[in-house]
Structure formats: C-alpha cells, structure tokens
Amino acid sequence: MSDTVKVGFVPLSTASRGIAVAFCDDSLRLGAATDKALGGASDLIKRAAAAARFKGKDGAVLDLLAPEGIKIQRLIVIGTGKGSDHKEKDFLKYGGVLTGKLNAGTEAVTVLAELPAGPMTPDQVSSLAAGIRLRAYQFDRYKTKKKDDDGSVSATVSIAVSDVAAAKKAFAPRTHVTDGVILARDLVNEPPNVLYPEEFAKRAAALRKLGVTVEILDVPAMKKLGMGALLGVGQGSARPSRTVVMRYNGGKKGEQPVAFIGKGVCFDTGGISIKPAGSMEDMKGDMGGAACVVGLMHALAARKAKANVIGAIGLVENMPDGNAQRPGDIVTSMSGQTIEIINTDAEGRLVLADVLWYVATKFKPKFMIDLATLTGAIMVALGTEHAGLFANDDDLADKLIKAGQETGEKVWRMPLGSEYDKLIDSQFADMKNTGGRHGGSITAAQFLQRFVDGTPWAHLDIAGTAMGAPKSEINQSWGSGYGVRLLDRLVWDSYEAKA
Ligand code: MN
Ligand code: ZN
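Note that the structure is predicted; figures quoted are calculated from it, not measured.

(A) Here's a closer look at the overall build of the protein. When its secondary structure is counted, the protein shows 14 helices and 19 strands. A compact globule built from 499 residues would reach a C-alpha radius of gyration of about 23 Å, and the protein, at 24 Å, matches this within 12%. The principal-axis extents of the C-alpha atoms in the protein amount to approximately 80 × 50 × 45 Å. Looking at the protein as a whole, 57% of its 499 residues qualify as buried. For the protein, contacts bridging at least 24 residues in sequence account for 78% of all contacts bridging at least 6. When the accessible surface of the protein is totalled, it reaches about 20,100 Å², and 52% of it is carbon and sulfur. Looking at the protein, you have 61 positive and 56 negative side-chain charges, and the mean spots of the two groups are 4 Å apart.

Dropping the structure here:
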C-alpha cells in the first residue's frame, strides 16, 4: 500500500496556486465563498461549460487548464446535480472523482469544500477526505519497477473548510475507518504463498497494539473444542489451520458484546472436488470475510468505539492431498451435528459452522454477523453491486440495509425458510454440505443458520463485492475492503453509547 496523498484542512480563503477543485449544482451555481476564493469564476465556468456540454450532473467533471482571469494553473469543477439529499456515499464519491483527475507528479491541490447552498458540514468534509484516500490506494508492494502510467497519484490536498477544528475532529475517527478498509484490501490482495493461516493470524495479532485482546487457537486447541467441520477443510493442507478471536471492550463493563465472524479460506482449490484452472488464482481472495473482520476491528479499536465487540475468523487452506477430506466423509461439528461432505468445494460453510457455534455459545452476543465469499450463486442473483443479506432478525436486517444505503456498501435481503431445509437433508448424517444447483446461496445460509444457537444473526454473502468487483470512484483495487465501512456504520448508528 502506498499512501502518497496527504490530506489536510485549511480555512476557506483565496486559492492562488496549483490546482483548485470547486463544486457546482446543475444550474452551474458555485457557493459564494468559492466564487470569491476563485476571484469570480462563475462567468468563466458558464462559458466553458457551454463549450464542453457540462451540465453539472452529479459526479460529472469540468476540467479547465490555465483558466484565463484567475491565478491558478488548473480548475476542476465537480457537479453535484440537484444538490439535495446527499449522503455519505456521495461525498466519498466526490473525493474519489477528484483524486481520479490527479497524476503521479506531486501536485498542490486546494479543494473548496462548499456546496452552492453553503459550506460542507464537518461530516461531509470528512467523507470527502476519506474518498480521496480510498481512491489513491494502490497495492504495489510486489512491483519492483514503477511505470509512469500505472495510475498512481501523489499530491498534497488541502481541503478548504469554514471550520478547520471541526473538520479535523470529524475526520479523526474516519481516518481510522479508512485505515481499516485499507488493511482489509491489503489482506485480500496479498498472494496466498505469503498470506496463509498462521501468517494471517499474526497480522490479526498486530491489533494488540490498539488494545485488542487476540487469542489464537491452534489445531490441538480446536481438536479439543471438537471443531471437526473446520478441521476437516484444512486437513489436506501443509499449512495448519487457525481460529483467531479478537476482543475489544470499549463499552460498559459486562455489557453483552456484538460479534462479527469471517470466513478465512486463505486459498481455495476446491479440495478433492477441485476447481477448473481458469481464474483459480482469484481464490486467494476467499478470505475476504476474515479480512473485513480484521479491518473492522482495527477501525473500531483505533477510533475507540464505545462498544464491546468480538471478531472471530476461521483460517484454513483448502487443498487436494493424500490427507484431504473426501466427498462422502462425515464430520462432527463442534455443535455435535454431523455433516456429510458431498462437495469439498463447499468448504466455507464448514469453517463458519464451528466458528459461529463457538462464538454463540461462549460469548452469548447481542447478535452475530458473518461475512463470507460463500457462493458463486450470489453473483448469479445479484451481480457485484449488492452483497446478499440473510437474517433471522428483521431489526438487524433493516439496520444493515440502512447502513448500506448511507455508505454505498449495499446489501439486498434474500429469503430463508424451512422449506429449503429438505435440500440439505442427508441420507447418512444430520445434513449434507451442498443443496444442489438451485438456490445455492439460500441453502448455504440455511446451513449456517443451524449453527447460530438461536442468536440474532445476519449472513452477508460477499462473493461478488469483496474482490474483482468493477472499479468505482473510491476503489481501483482488486480487493475492495467491502464491509468495513458498512459494519462500522452499523455499530456507530445503533450499538454505541453516545456521549
Ligand atoms: Mn470453495
Ligand atoms: Zn470458498
């Protein structure tokens, strides 16, 4: 990761050098302070807009080089459309859009953080700043030769605001959340020869410096607990499995925690039910759920969230081997329920089954939310725009949907129902690990539900959103870090004691 864009806050006053960024609405109106800072640029913008057919649509850009009559070298005008009902996701996007216009040479940029109706609020400004950092992220630690046209950006961005102290205060927690997203992206992007279960556990353990308690369960410890479902997946790998439990207590002493659980299949070959070669390299990202949980724990601990939080991740590598699990095997999960393995490539639910049960019974959390790159079927259903949401609790589901609309990390609720249960009935065990071709995401969720012990629970199938999703204004990286901002927002909105 290279953080080559420095973001700071300055007072709204004259922009006199380098690049200036301004915002207009769909009638090409600028804010009053912006117009003044640019020495009266309204007429210039109207003329240029007519020539460029720029209409101030939301996210559209008018880019003027050496504009005559004003003292800066370049003026970037970003449209905000009708300019009403803007959410966090919109300001993130504006930050991304402006960063996308910058280059690799170090540039001095002044962003006039004002909407036509008046100055941006501290929250809006901090979203803008977060969008700048998220867009600038690049995973380039394995590139030994830099190219000019690799899309990298270096700049010093001064965001000009009406209240510098308030902007700094609002941005402080957001910068920790952004760090959490970047950490999650790094983990997803890392190659599988570098990031295997023990190494992943080590990286999670680095959260200790933020006051997080990190416990690492090794194979003998998991055997003792009876985690036969998780251990069956990892038994064909030369890299031993791990479960990592992270605890951050920022809430009241003794208050019931909230819990986040991540699937961490560091590499998924499919096992004996091996996958075809095409795009198998993408299966280094099959730990996107676990990456999100680690990034989220970073965000919450670093910004000192007033909540008690558990993060738990099951880390395995799914390999074909003489010792690998076979189709037909029957494993006993920690819950005591037995599972017939039909397809060794349906391994994520086996890992989650034991981690969910462990967290539910040991910590009795208020709720559990698991994230997993679980099924290709969720991409057939929802593409890459929405994560699939399954829940046994309407209130939790509604809160997640709302947090998704605010942050732009969208979720779409999918059904659960006992009618689906017969699809995972087994003739030899309590259940089987696949339910056939139809409704594959639903039967996977239906399977997980058997391991939540009645706890309010939501499952996010992030196979379409955690990696390889289409690039966006705020993400040019293969690993998107999906879920960190969504879940941080959920905790902030609904589960933190407010001062
Ligand atoms: Mn698989
Ligand atoms: Zn998998």
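From this point, the narrative continues.
(B) The coordination of the zinc ion (ligand 2), seen in detail. Around the zinc ion (ligand 2), the protein supplies Lys 263 (NZ), Asp 268 (OD), Asp 286 (OD) and Glu 347 (OE) as donor atoms, at distances of 2.0 to 2.6 Å. Here the zinc ion (ligand 2) binds 4 donor atoms, and the angle range of 83 to 175° at the metal identifies the geometry as irregular. In terms of primary sequence, the donors binding the zinc ion (ligand 2) are separated according to K-x4-D-x17-D-x60-E. Separating the zinc ion (ligand 2) from the manganese ion (ligand 1) is a distance of 3.0 Å, and Asp 268 supplies a donor atom to each of them. Of this pair, Asp 286 sits in the loop between β11 (258-268) and α9 (288-302) while Glu 347 is found in the loop between β14 (338-340) and α10 (348-363), placing the two residues 61 residues apart along the sequence. Like Asp 286, the residue Glu 347 is buried in the burial classification.

(C) The arrangement of helix α13 (residues 440-449) in detail. For α13, the buried fraction is high: 9 of the 10 residues fall into the buried class. Regarding α13, the residues found buried are Gly 440, Ser 441, Ile 442, Thr 443, Ala 444, Ala 445, Gln 446, Phe 447 and Leu 448.

(D) Representation of the packing of aromatic side chains within the structure. Throughout the structure, instances matching the rule amount to 8 aromatic pairs. With a centroid separation of 5.8 Å and 80° between ring planes, the pair formed by Phe 260 and Phe 367 is classed as edge-to-face. Taken as a pair, Phe 260 in strand β11 and Phe 367 in the loop between α10 and β15 (368-372) lie far apart in primary sequence, 107 residues in all. Exposure remark for Phe 260: the relative accessible area of 0% places this residue in the buried category. Measuring from centroid to centroid gives 5.3 Å for Phe 447 and Phe 451, while their planes differ by 40°, and the two rings are tilted.

(E) Region of the structure containing the sheet that holds strand β8 (residues 155-161). Pairing in this open sheet of 6 strands is mixed, and the strands run β1-β8-β5-β2-β4-β3 from one edge to the other. The open sheet terminates on both sides in strands that have one partner only, identified here as β1 (5-11) and β3 (61-65). Neighbour to neighbour, the strand axes of the sheet diverge by 20° on average, direction disregarded. Note: β3 against strand β4 (residues 74-79), 5 bridges, orientation antiparallel. In the strand pairing of β4, Leu 64 is matched with Leu 75. Its contacts with the sheet put helix α5 (residues 164-189) on β1 and β8, and the angle it makes with β1 is roughly 145°.

(F) Structural detail: α9. Along its 15 residues, α9 runs 21 Å from first to last C-alpha, staying within 8% of the 21 Å computed at 1.5 Å per residue. With 15 of its 15 residues buried, α9 lies for the most part within the structure. Of the residues one or two after α9, Lys 304 is the one with positive phi, at around 55°.

(G) Main features of the pattern of salt bridges. Counted according to the given criterion, the structure contains 32 salt bridges. Residue Asp 63 pairs with Arg 74 through a salt bridge whose shortest N-O separation is 2.9 Å. Taken as a pair, Asp 63 in strand β3 and Arg 74 in strand β4 lie far apart in primary sequence, 11 residues in all. Assessed through its relative accessible area of 33%, Asp 63 is described here as partly exposed. Between Arg 242 and Glu 198 there is a salt bridge, with the nearest N and O atoms lying 3.2 Å from each other. With Arg 242 in strand β10 (residues 242-249) and Glu 198 in helix α6 (residues 197-205), this pair connects stretches of sequence that are 44 residues apart. By relative accessible area, which is 13% here, Arg 242 ends up buried. A single salt-bridge network, built from bridges that share partners, covers Glu 88, Arg 174, Lys 402, Glu 406, Arg 489 and Asp 493.

(H) Just the nonpolar core, in detail. If you look at the biggest cluster of nonpolar residues, it comprises 65 residues, and the most contacted ones within it are Phe 200, Met 246, Phe 260, Ile 313, Ile 369 and Leu 487. At 10 residues, the largest contribution of residues to this core is made by α9. One finds Leu 231, Ala 259, Ile 310 and Ile 341 within the second-largest nonpolar core, a separate group that totals 38 residues.

Thresholds, definitions, all that
- Residues numbered from 1 in each chain as written.
- Chains lettered and ligands numbered in written order.
- Predicted model: local features only at pLDDT ≥ 70, side-chain atom pairs only at ≥ 80, totals over all residues.
- Heavy atoms only, no water.
- Helix = DSSP H or I, 4+ residues; strand = E, 2+ residues; numbered from the N terminus.
- Rg over C-alpha atoms; globule rule 2.2 N^0.38 Å.
- Buried < 20%, exposed > 50% of the residue type's maximum accessible area, 1.4 Å probe, protein only.
- Contact = heavy atoms within 4.5 Å.
- Areas by Shrake-Rupley, 256 points an atom, 1.4 Å probe, with all protein chains shown as cover.
- Lys, Arg positive; Asp, Glu negative; His and termini not counted.
- Charge placed at Lys NZ, Arg CZ, Asp CG, Glu CD.
- Donors = N, O, S within 2.8 Å, 3.2 Å for Na, K, Ca; no water.
- Tetrahedral: all angles 85-135°; square planar, octahedral: opposite > 155°, others 65-115°.
- Phe/Tyr/Trp six-rings, centres within 6.5 Å; stacked < 30°, edge-to-face > 60°.
- Pairing = 2+ DSSP bridges.
- Axes fitted to C-alpha atoms, helices over the stretch in contact; angles between N-to-C directions.
- Expected span 1.5 Å × (residues − 1).
- Salt bridge = Lys/Arg side-chain N within 4 Å of Asp/Glu carboxyl O.
- Core = buried A, V, L, I, M, F, W, Y, C linked by side-chain atoms within 4.5 Å.

Geometry only, nothing functional implied.
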